[in-house]
Amino acid sequence: SIDGGADGLDLARACLRLTETHLRAGGSLVLQVGSPDQVAALVREARRPGSPLRAVEARHFDASGSLVRFVAGAAGTHPGRLQESTTTKEATCPT
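Numbers given for residues are sequential positions, taken from 1 along each chain in its written order. Totals for whole chains, interfaces and linings use all residues, but because this is a predicted model, local features are given only for residues with pLDDT of at least 70 and pairs of side-chain atoms are given and counted only at 80 or more. Side-chain calculation: all heavy atoms of the structure are included, whereas hydrogens and water are not.

Caption draft 1: Geometry of the pattern of salt bridges. Here, a salt bridge means any Lys or Arg side-chain nitrogen found within 4 Å of an Asp or Glu carboxyl oxygen. One pass over the structure, following the stated rule, counts 6 salt bridges. Between Glu-45 and Arg-17 there is a salt bridge, with the nearest N and O atoms lying 2.8 Å from each other. Note that Glu-45 is positioned in helix α2 (residues 36–46) and Arg-17 in helix α1 (residues 10–22), a separation of 28 residues in sequence. Buried, partly exposed and exposed residues are distinguished by accessible area as a fraction of the type maximum, computed with a 1.4 Å probe on protein chains only: under 20%, between the cut-offs, and over 50%, respectively. Its relative accessible area of 38% is what places Arg-17 among the partly exposed residues. The residue Glu-20 makes a salt bridge to Arg-48 at a minimum N-O spacing of 2.6 Å. You can see Glu-20 sitting in helix α1 and its partner Arg-48 sitting in the loop between α2 and β2 (53–61), a full 28 residues away along the chain. Residue Arg-48 is classed as partly exposed on the basis of its relative accessible area of 25%. A single salt-bridge network, built from bridges that share partners, covers Asp-7, Arg-13, Arg-17 and Glu-45. Here a strand is any run of E in DSSP of at least two residues, a helix any run of H or I of at least four, and the numbering for each starts at the N terminus.

Below you can see the structure in the form of structure tokens.
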């Protein structure tokens with residue numbers, strides 16, 4: 001298991017910071033976290049002044065946490081609303 005600090009997001013925050021300087025405009029970053037509350041915390045983090053990342057989508061899965069997708073763009077450009085969905089059934093890949 002990964003020690004994510006007090007709120008479990010230290011590694012996710014480090015990924016956001018690194019991505020801000022390496023992801024080209026239009027590129028995406030997807031992070032998996034444990035809960036919708038953690039998604040909300042990361043979205044707030046990306047909205048800080050000067051961040052080129054904006055959260056565009058979040059998917060919440062009952063048993064396995066949440067995914068959040070950020071897209072790189074011009075610093076300070078953030079859409080007004082995050083597209084969110086909740087899935088109660090686990091997705092499986094055909095073999």
